[in-house]
Amino acid sequence: GCGGEEAANSDEIKIGANFEMTGNVANYGTTTLEGLKLAIKEANDAGGINGKKITLVEADNKSDPAEAANAATKLISDDKVVAIVGPATSGAVQAESQVATENKVPIIAPDATSPDITVENGQVKPFVFRGCFIDPLQSNTMAAFAANELKAKTAVIYLDSSTDYSKSLAEVFKNKFEALGGKVVMEEAFVAKDQDFKATLTNIKTANADIIYIPAYYEEVGKIVKQARELGITQPILGTDGWDDTKVVDIAGADALNNTYFITHYTETDPDAKAFVDAFTKEYGHAPGVFAALGYDAGKMLVDAIKRAGSTDPEAIQKALAETKDLQVGTGKLTVDENHNLIKNAFIIEMKDGNKVLKQRVTPTTAEG
Amino acid sequence: MELLKTDGVSKVFGGLKAVSNFDIEINEGELIGLIGPNGAGKTTAFNLLTGVYQPTTGTIDFAGKSLVGLKPYQITSRGIARTFQNIRLFSELTVLDNVKIAYDSHAKYSLVESVLRLGRYFKEEDEITKKSLELLKIFKLEDKAYEVAKNLPYGAQRRLEIARALATKPKLLLLDEPAAGMNPQETQELMEMIRWIRKEFGLSILLIEHDMSLVMGICERIYVLEYGCIIASGTPEEIQKNPEVIKAYLGGEV
Amino acid sequence: MLKINDMNVYYGAIHALKGISLEINEGEIVTLIGANGAGKSTTLRTISGLLKPKTGTIEFEGKNIAGMPAQNIVKAGISQVPEGRRVFAEMTVMENLELGAFIRKDKAGIAKDLKMVFERFPRLEERVNQQAGTLSGGEQQMLAMGRALMSRPRLLLLDEPSMGLAPLLIREIFSIIQDINKAGTTVLLVEQNANMALSIANRAYVLETGRITLSGDAKELAASEEVRKAYLGG
Amino acid sequence: MNSLRKKDIITLILAIVLFGVLQFLMAERIIGSFWELNIFLVCVNIIMAASLNLINGYTGQFSLGHAGFMAVGAYVGVILTVNFHSPFIVALLIGGFAAGILGFLIGLPTLRLKGDYLAIATLGLGEIIRIVIMNIEYVGGAAGFKGIPHNTTFPWVFFIMLFTLFFIKNFVNSKYGRSCIAVRENEIAAEAMGVNTTKYKVMAFTIGAIFAGIGGGLFAHCFYIINPSSFTFMASFNFLIMVVLGGLGSITGSIAGAFVVTFVSAALASWPEFRMIAYALVLILLMFYRPQGLFGYTEITSLKIFQRFKGGRG
Amino acid sequence: MDFFEQLIQQLINGISLGSIYALIALGYTMVYGIIKLINFAHGDIYMVGAYVGFYAVTMTKMSIIPALIISMVVTGLLGILVEKIAYKPLRKAPRISLLITAIGVSFFLEYTSMYFVSPTPRTFPNVIDSLSLNIGSFVINGQQLLIFIITVILMVLLTYIVQKTKMGKAMRAVSFDTETAQLMGINADRVISFTFGIGSALAAAGGVLVGVYYNSIDPLMGIMPGLKAFVAAVLGGIGSIPGAMTGGIVLGVIEALVSGFISSTFRDAAAFAILILVLLFKPSGIFGKNTNEKV
Ligand SMILES: Nc1ncnc2c1ncn2[C@@H]1O[C@H](COP(=O)(O)OP(=O)(O)OP(=O)(O)O)[C@@H](O)[C@H]1O
Ligand SMILES: Nc1ncnc2c1ncn2[C@@H]1O[C@H](COP(=O)(O)OP(=O)(O)OP(=O)(O)O)[C@@H](O)[C@H]1O
Ligand SMILES: [Mg+2]
Ligand SMILES: [Mg+2]
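All values derive from a computational prediction rather than experimental measurement.

> Describe the overall build of chain E, and please don't skip the residues or the numbers.
A tally of regular secondary structure across chain E gives 11 helices and 4 strands. A compact globule built from 295 residues should have a C-alpha radius of gyration of about 19 Å, and chain E, at 19 Å, falls within 12% of that. Dimensions of chain E, computed from the C-alpha atoms along their principal axes, are close to 60 × 50 × 35 Å. For chain E, the residues scored as buried account for 65% of the 295 residues in total. In chain E, of all internal contacts separated by at least 6 residues, the share reaching a separation of at least 24 is 76%. Split by element, the accessible area of chain E, about 10300 Å² in all, is 71% carbon and sulfur. Placing the 18 positive and 13 negative side-chain charges of chain E at their respective mean positions leaves the two points 12 Å apart.

> Which residues make up the UniProt feature "transmembrane region" (unreviewed entry) in chain E, and what are the values?
Residue and element names in this part refer to chain E. UniProt feature "transmembrane region" (unreviewed entry): in the numbering of this structure it lies at residues 12-31, 38-58, 64-86, 98-118, 138-162, 191-214, 229-257 and 269-288. Taken end to end, residues 98-118 comprises 95% helix and 0% strand; its first and last C-alpha atoms sit 29 Å apart. For residues 269-288, the end-to-end C-alpha separation is 23 Å, with 65% helix and 0% strand making up the annotated structure.

> How would you explain the interface of chain A and chain D if you had to name every residue and give the values?
Each partner contributes to the interface: chain A provides 28 residues, whereas chain D provides 27 residues. Of the roughly 2300 Å² buried between chain A and chain D, counting both surfaces, carbon and sulfur atoms make up 57%. Seen at the junction of chain A and chain D, the total is 3 salt bridges. A salt bridge links Lys146 of chain D to Asp116 of chain A; the shortest N-O distance between them is 3.4 Å. At the boundary of chain A and chain D, one finds 9 residue pairs in polar contact (both at pLDDT 80 or more). Elements that contribute at least two residues to the side of chain A that touches chain D include exactly β2 (53-60), α3 (65-78), α4 (90-103) and α6 (164-179) of chain A.

> How would you sum up helix α4 (residues 95-117) of chain E? Please name residues and give values.
Residues and elements named next belong to chain E. For α4, built from 23 residues, the straight-helix expectation of 33 Å at 1.5 Å per residue is met to within 8% by its first-to-last C-alpha distance of 33 Å. Burial of α4 is extensive: 19 of the 23 residues sit out of reach of the surface. After α4 finishes, the residue Ser118 shows a positive phi value of roughly 65°.

> Please provide a residue-by-residue account of the interface of chain E and chain D, values included.
Contact with chain E, which involves 46 residues of that partner, is made by 36 residues of chain D. For the pair chain E and chain D, the summed buried area comes to about 3700 Å², and 85% of that belongs to carbon and sulfur atoms. A per-residue breakdown of the area chain E buries against chain D is headed by Ile100, Phe107 and Leu280 of chain E, which together make up 16% of the total. The interface formed by chain E and chain D holds 1 salt bridge in total. As a salt-bridge pair, Arg95 of chain E and Asp116 of chain D come within 2.7 Å of each other at their nearest N and O atoms. Inspection of the region where chain E meets chain D yields 5 residue pairs in polar contact (both at pLDDT 80 or more). At the level of secondary structure, the elements contributing two or more residues to the side of chain E that touches chain D comprise α3 (64-87), α4, α9 (223-236) and α11 (267-281) of chain E. At 14 residues, α4 of chain E tops the list of elements feeding residues into the side of chain E that touches chain D. Split into classes, the residues belonging to the side of chain E that touches chain D amount to 35 nonpolar, 8 polar and 3 charged.

> Tell me about the coordination of the magnesium ion (ligand 3), residues and numbers included.
All names here are of chain B. Distances from the magnesium ion (ligand 3) to its protein donors, Thr43 (OG1) and Gln85 (OE1), fall at 1.9 to 2.2 Å. Of this pair, Thr43 sits in helix α1 (residues 42-49) while Gln85 is found in the loop between β7 (80-82) and α3 (95-104), placing the two residues 42 residues apart along the sequence. For Gln85, a relative accessible area of 33% puts it in the partly exposed group.

> An account of a positive patch on the surface is requested, with residue identities and associated values reported.
On the surface, Lys75, Lys105 and Lys107 of chain C together with Lys166 and Arg190 of chain E cluster together into a patch of positive charge. Of the residues examined, Lys166 of chain E reaches a relative accessible area of 40% and is grouped as partly exposed.

> Got a sec to walk through the coordination of the magnesium ion (ligand 4)? Specific residues and values, please.
Each donor-metal-donor angle would ideally measure 109.5 degrees in four-coordinate tetrahedral geometry, or 90 or 180 degrees in six-coordinate octahedral geometry. Residues and elements named next belong to chain C. Every protein donor of the magnesium ion (ligand 4) is accounted for by Ser41 (OG), Glu83 (OE) and Glu83 (OE), and the metal-donor separations fall at 1.8 to 2.7 Å. Taken as a pair, Ser41 in helix α1 (residues 40-48) and Glu83 in the loop between β6 (78-81) and α3 (93-100) lie far apart in primary sequence, 42 residues in all. Since its relative accessible area comes to 32%, Glu83 is described here as partly exposed.

> Lay out the sheet that holds strand β14 (residues 332-336) of chain A with the relevant residues and their values.
All names here are of chain A. Taken in spatial order, the 3 strands of this open sheet run β13-β14-β15, and their pairing is antiparallel. Only two strands of the sheet have a single neighbouring strand rather than two, namely β13 (327-329) and β15 (342-344). Shown here is a sheet whose adjacent strand axes are inclined to one another by a mean of 40°, direction ignored. Contacts from helix α12 (residues 290-309) reach β13, β14 and β15 within the one sheet, and its direction differs from that of β13 by about 140°.

> Summarise the pattern of salt bridges; cite the residues concerned and give the values.
In total, this model carries 57 salt bridges over all chains according to the counting rule given. Put simply, Arg195 of chain B and Glu192 of chain B hold a salt bridge, and the shortest N to O gap is 3.4 Å. Taken together, the positions of Arg195 of chain B and Glu192 of chain B, both in helix α7 (residues 184-201) and 3 residues apart, correspond to about one turn of that helix. Taking relative accessible area as the criterion, Arg195 of chain B reaches 32% and is therefore assigned partly exposed. Close ionic contact of Glu179 of chain E with Arg86 of chain C constitutes a salt bridge, the shortest N to O distance being 3.2 Å. Of this pair, Glu179 of chain E sits in helix α7 (residues 178-183) while Arg86 of chain C is found in the loop between β6 and α3, placing the two residues in two different chains. By relative accessible area, Arg86 of chain C is classed as partly exposed at 29%.

> Which residues make up helix α6 (residues 154-167) of chain B, and what are the values?
Helix length check: α6 of chain B (14 residues) gives 20 Å between terminal C-alpha atoms against 20 Å at 1.5 Å per residue, within 8%. Counting buried residues in α6 of chain B gives 12 out of 14 residues, a clear majority hidden from the surface. Those residues of α6 of chain B that sit buried are Gly155, Ala156, Gln157, Arg158, Leu160, Glu161, Ile162, Ala163, Arg164, Ala165, Leu166 and Ala167 of chain B. The inward-facing, buried residues of α6 of chain B contact β7, α3, α5 (120-138), β8 (172-176) and α7 of chain B together with α8 (187-192) of chain D. Positioned one or two residues after α6 of chain B, Lys169 of chain B has a phi angle of 55°, which is positive.

> Just give me the short version of the nonpolar core, but keep the residues and values in it.
Ranked by size, the top nonpolar core spans 303 residues in total, and within it Tyr87 and Ile186 of chain E carry the most contacts. Examining the composition of this core, we find that 16 residues originate from one element, helix α2 (residues 33-58) of chain D, more than from any other. Ignoring any residue separated from it by four or fewer positions in sequence, one finds Tyr87 of chain E in contact with Leu37, Asn39, Ala41, Val82, Leu98, Thr101, Ala102, Val105 and Phe196 of chain E. Core analysis: the second largest hydrophobic core is formed by 104 residues, Ile15, Val156, Ala293 and Val336 of chain A among them.

> With reference to specific residues and values, describe the site of ligand 2.
Residues and elements named next belong to chain C. Near ligand 2 lie 14 residues; those nearest to it are Lys40, Ser41, Thr42, Glu83 and Gln192. Measuring from a nitrogen atom of ligand 2, one finds a side-chain N or O atom of Tyr11 at 3.4 Å. Here an oxygen atom of ligand 2 and a side-chain polar atom of Gln192 are 2.7 Å apart. Protein chains bury 67% of the 630 Å² of accessible surface belonging to ligand 2 in isolation. Secondary-structure elements contributing two or more residues to the shell around ligand 2 are β2 (14-24) and α1. Per-element accounting of the shell around ligand 2 gives the leading share, 3 residues, to α1. In terms of residue class, the shell around ligand 2 is built from 5 nonpolar, 6 polar and 3 charged.

Rules behind the numbers
Residues numbered from 1 in each chain as written. Chains lettered and ligands numbered in written order. Predicted model: local features only at pLDDT ≥ 70, side-chain atom pairs only at ≥ 80, totals over all residues. Heavy atoms only, no water. Helix = DSSP H or I, 4+ residues; strand = E, 2+ residues; numbered from the N terminus. Rg over C-alpha atoms; globule rule 2.2 N^0.38 Å. Buried < 20%, exposed > 50% of the residue type's maximum accessible area, 1.4 Å probe, protein only. Contact = heavy atoms within 4.5 Å. Areas by Shrake-Rupley, 256 points an atom, 1.4 Å probe, with all protein chains shown as cover. Lys, Arg positive; Asp, Glu negative; His and termini not counted. Charge placed at Lys NZ, Arg CZ, Asp CG, Glu CD. UniProt positions renumbered as here; feature names shortened; annotations may be inferred. Buried area = accessible area lost by both parts, 1.4 Å probe. Salt bridge = Lys/Arg side-chain N within 4 Å of Asp/Glu carboxyl O. Polar contact = N/O pair within 3.5 Å; in protein donor to acceptor, adjacent residues only side chain to side chain. Expected span 1.5 Å × (residues − 1). Nonpolar A, V, L, I, M, F, W, Y, C, P; charged D, E, K, R; others polar. Donors = N, O, S within 2.8 Å, 3.2 Å for Na, K, Ca; no water. Patch = residues over 30% accessible without salt bridge, like charges linked within 9 Å, V, L, I, M, F, W, Y side chains within 5 Å. Pairing = 2+ DSSP bridges. Axes fitted to C-alpha atoms, helices over the stretch in contact; angles between N-to-C directions. Core = buried A, V, L, I, M, F, W, Y, C linked by side-chain atoms within 4.5 Å. Near = heavy atom within 4 Å.

Structure (C-alpha cells):
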C-alpha cells in the first residue's frame, strides 16, 4: 500500500471507479457507473464523510480484463484511491482483484454474481467484496421454482458461452434441477452480441421440454424470447438477474414475454426500493435498470464502510466492509458473510403483458439460499 | 553444343491455344531472335521456358535435363535468366540491392550466422556487395548504386534489369523486347551491349523484339511465330525474304 | 489552336518540365520527339489536365485551360490516346467506344461517328462484343484511337502509338493517323520512332530533359545532323 | 564491416544505458506502477509490432491474425508455468515455439492467397484460434486463465525486446531478409531471380509467429489473468496500426508506432468518453500528413546523427 | 420435426440472416470495386443508418417506408462526406494507409455515436406487425420475407445500374483505370462520391431493417455484421455484385446449419474455416475473376 497516508491527510476521499466505458460491454459498465455516481452524490450532498467530500476517479477498462488490471493499477498508484468500485463483468474483476490484493486496497464488484470472485481455492480474498447475491442463490432458487411451482420435468438450458456468468449459472441450475428429479434434455449456447438465434431455437423447439432456462443479459434475452415466440415456442422461459431491464420488454415485446419468469435483486413496487427508484428517476429522467441499482448499492456499501472505519486507510475500510450487517441500501437490506458474499433478499418476477409482477419473495438465510 | 531443345510444346488458356508445336533449338553461345505479330505467343513461350506457366504438352530440355514441372526459381538456378516485357524491378529498393538479391542464391551462410552475425556472414556479404558493384560498373550504373530503382530513367532501368539477370549467372539469357521505348540511337547502343555481353559472359541469348533494325542487325538465327506456331526459321537474310513472314509480320517491302 | 507558354510541371520535388513553350496550328500534325524520360508524356498529360502545371499557361482556341479538370478539357475538344493504350480490358469493344462518347448527348451524332470509326477500323467492327483485354496489341491501339475519336476532338494527342507493335501494324497505324488528320483533326504526336514520326509530321519539337532544345519544319529537322545523331541512329 | 559492428555496439550501449535509467527510476518509484506497467506493455507491443512488420512490412504479406499467435504463446506459456511449474524462460520459449509451429502449418497453405484475401483468411484464423481457446475448459474457457504468477519483470521484457529487435534487424539485412523484401516488391521477378517465394513467405510468417508467441507469454505473465477477449481481431488491428503508423518496413518505425499507440491510450485513460474519439482523430490525421508512416522505409540509424558513427560507407 | 423438416427450417433461417449480410456486403463490394478499399467503417455506416431510422420513427412517428428512405438519404450523404473528408486526400497514398484511415473512421463513428446516444441499446418501436406464416410445420416471418425481397430488389437494381446505365459504365471505367476514365470526360470524383452514396444508402437500409426485425440497436452493432459482410463479400468474390449476394446467403446458411446441427459456439469458427477452405480452392472467391497478373 503506497497510497494510504497521503490520501488520509487531504480533505477529499478518492474512490476509484473502474468500469467498462468503451468496448463490447460498455453499456453494463456505464449504467452501473450511473448508479454509483448517484450514491456518491447523495453522500456528498449529505455533507460527505466526516466532513470530507468524496471524489470519484473514473478509469476505463475497455471491456478487457488486462486493461482492467491496468486501470486498477493506475487508480491505486497514480490517483491513490482508498477503494475501488467495479468492474461490472466477472473476468475484469478477476484481473483487478490480484492488483487490489497486492496493494491492499479493497474493491467492490457491484454486479459480479460468480462465487469465485471472492473465494479462491477455498480461501476468501480479503480485499474483494461484492454488491449482489451470488449465482448459486439465483440458480438454486430458479431450479426449485421450475420443479416445484411449474412442475417441470424436463428443461433446456440456453446459455451464453462467451461469459463466465452464464456458464456458471447454467451449471448450478442443472445440478439443482436434476437433484430435484428433473432432467436437462438439451444444452445449447450462443455468443454475446449475436443477433439471430433462430437456428438454435429451431433446434430447441424440437426438444419440446417443459421449460427453457436462459441465464443471460437482457439484450440477447430480449431477442431470444422474441424469436422463440415467433418460431412457435410457447413454453415458460426462465431467467436470471441479467434479464432485469425495461429494455427486455421493448425488445421482446409484451406478448412474447408472457409466461416468462426471472429472479432479480429488487422490484420497483418493493417498499424497500422505492426511495432509490424515485431518486434515480429524478436524477436521470428514466427508471433505473438492475445494473444502476447495484452500482448504487455498492456506493452505499462503501460510503457506510468508510464512515464506520472512521479513517480513509484502505485496510480500515476493508475491515469495516467485512463487518457490514443489515445495511439498508437502495434495493433492500444486506449483510456480508464470512466469504464476502451477501445475504440479501431476492425476487422472482413474472412478466405479464409487459409488467413485472412479483411472483415470489425469497428471503435466504445464507448466501447460497 | 546443344543447350536448349523443345519438342511439341504447347500451351492452352481456356479455349485459346496460345502456343502450339513450339519447337526450337539453341546451341551454346548462339544469339537467336524470336519475332512475330502481336499476340503470337512470344512472351508466352518465354513464360513456358522459365516455368511461369507449365506447358500443356511437350518437353523442354535444358543442358540435357528436363525443365518441365520445375518452379521458376529452380529454373533460374539451372541457368536460365530473363527480363520482362513490362519492366519488373524491385522498384522501391536501391539499384545495388536489386543486383544483390540476384546474387543471394549463391551465398552459403546460414540463418543463424546471419542473425548472430557470425562466421561467413560478413565475408560473404562483402563479396556479394563487391561483385554487385563490379557488375553495375559494367552497365554504367555504379554511380546510381544507392538510388532507388524506380527513380532511374527508363533506359537505365532496362540496363539494370539485364544486369540483374546476369547476376544469377545464367547460361541462357532471355530478353523480352529490350529495345521497347528506346529511340533509334539508344537502340544502337543496346545492340552493341548485347553483343558484348554474349562474348564477355559466354552465354546464349534468345530475344524477342519488334525493332527490325536490332533483330536483323545482331541475331544469327531467327524464329518466326504466328498464332502460336513457328512458321519460319533461318538467318536474317532468309527471313527477310520469306514471303509468309512478309505477309504475316513485316508487311510490304522491307 | 493550342499555345503553351513557359510551362513548368513537377512530380513532387522532381522538376519534369522546365519552361516549355510550343504552338500547334489548326490542321497540322506536330510531333514531339526526345529520349526516354525527356518529358513527352508529361507534356501530353498536362495538356489533358491529368497533371497541373505549377506555372505557365495553356491556351486552347484562345481559352486558358491550364489546371482545368480533365473532364472539362475533353469537353473543350481535346482527346488523348494514352501511352500503353490503356483500354478498359474487362469491357467490350463496344462499351469502350461508348465510353469515348461519354460527354456527348447527341444520339444521332454518336451513331454517325461510330459508323465512321468502324469504317476506319473494320477490325473493330468484327469484334464489337469481344472483351478489349483479349485483343492483340495492334487491335488495342486501334481501339484506343477509335475511342478517342468518339468524343469528336478537334485536337488529338497521341502518346507513342507504335510502341510494342509489329512492323506491319506500325505502318498501318501511321497511315491511319494521316487519314484522321486529312479528315480535319489536328494531331500532336509523341513518338520514339522518330524516323516515322518526322516523315508524316508538318512540324516537330525536340524535348531534352524537360526543355525544348530544337523546333522547326519536320523535314528540315530530319535532315539535320544533330537530330540524326541523337535520335535517328544514323 | 567494422562500421556495421560499431553501429550495433553503439546501439547496444545506448539501449543498456536506457535500461539502467528506467530501472533506476522504477526502483526509486519516480515512475509509478501505472507507468511501469505501461512501459512493460510498450515493450511487449514493440515485440508484437516488429514481428508483424516482418510479415506485413518486409515480406508484404497482409496478415491480420497476429493476436491469434500471441494467444497461443500466452496460453501455452501459462499452462507451463502454472500447471507444470516450469521455469519462466522455458515457458516463453515453448510458447513461442508452439506459435511458430502453428504459424508454419497455417502459413503453408494460406500464403498462396494474395492481398485482401490473405488478410481475411488470417483474420479468420486468428478468430478460430480465439474461439477454440474460449471453449477449452482446461484453460478456463471464456472466464479466462486465473492465478498466473507475475513473472514478467522489467529486465525480462526489455532484454527479450532487445533481442527481438536485433534478430529482426539482422535478419532483414541478410540474404534471407533481402529475399523477403524481393517477395514484397515483385513476386514474379523474385522467382525469376531464384528466390523460392513460398519458402520465404512461410519463413517470415513462422518467425513472426514465434516472436508473437513469446510476446504473448510476456503479456500473460503481467496481469495475473488472461482472457480470450484480449486476443480478438481488434487486437490484431491494433498491432497493424502500430506497424503502419510507424512505417511499414522500418524497425525504428515499429518501435515508434508501439510507443505512440500505447502511450496515447494510457495518457487518455482519464477521459474515457473522449479516448477513442481522440485516438481515431490521431489515426486519421497521422495518415493524412504521413501516409507512409512516421518513418516510412527508413531507420533511425540512417539519419544524420548516426552517420557520424559510420565508417564511410553504408 | 424430423431431420429433413428441420433442415428446411434452418435453410429458411439462414437465407433470412444471409440477406442482411448480403445487403451490407453489397455496399462493401461497391466501394471495394471502385477504390479497392476495404471500408472497415462500412459496418458503422450501417449502424448510423439504423439510428437515423430510429430517430425518424420515434421523433416524427412516421411509418417505416419514409423512415427507410430518409435514413438512406441521410446516411448516403454521410458516406459521401466521409469519402470527401477522410479518403479523398489519400487517393494516391499506399492502400494500407487508407485502410488504417478507415479503421480510424470506424472508431470515430462508433464512439462519437456512443457519446451522443449513449452505449445502451435502443429499441425500435413496433412499426410492422410481425406476422408469422406457417407453412406446414415451417415458420416464415413476414419481416424475414420483407428483408429478403428488399435485398433481391436492391441487388437487381444495382446490377442494372452498374451494367446498363451510363453512370454504371462510368463506375466500371473508374474502377478499372481512374486516369483513363478521366480522359473520357468522366468526373471521377463525382463517380466515386456516387458509389459511396449508394453503398452507404444500402447499408442504411440494412441497418433500419435489422432494427425493425431484431428490435434492438446500439453504437457497436456494426462491428460484427460489418466483419461478416466483409467475409461474405470475399467469399462471393470481392468486387462482384452477384458475388456479394451469394456470399451473404451462403454465409447465412452456413451459420444457421452450424448453429442448428453443431453448436452456435463454433458458428463463427466454422464460418471462417469454410471461408478459408473456399479460398484455398478458389483464391478469389466464388464469383471472383482470377486476377493472376499476366506476365
Ligand atoms: N495468362 C493468360 N491467360 C489467358 N490468355 C493469355 C495469358 N497469357 C497470354 N495469353 C494470350 O495468349 C496470346 C499470346 O500472348 P503473348 O503475350 O505471348 O503474345 P506476344 O507474342 O508476346 O505479343 P506481343 O508482341 O504483343 O507482346 C494472346 O492472345 C494473349 O491474350
Ligand atoms: N509519376 C511520376 N512520379 C515521379 N516522377 C515521374 C513520374 N512520371 C514521370 N516522372 C519523371 O518525369 C520525367 C519525364 O517523364 P515522361 O514520362 O514525361 O517521359 P517521356 O518523355 O514520356 O519518356 P518515355 O519515352 O519513357 O515515355 C522522367 O524523369 C520521369 O522519371
Ligand atoms: Mg510479348
Ligand atoms: Mg512517355
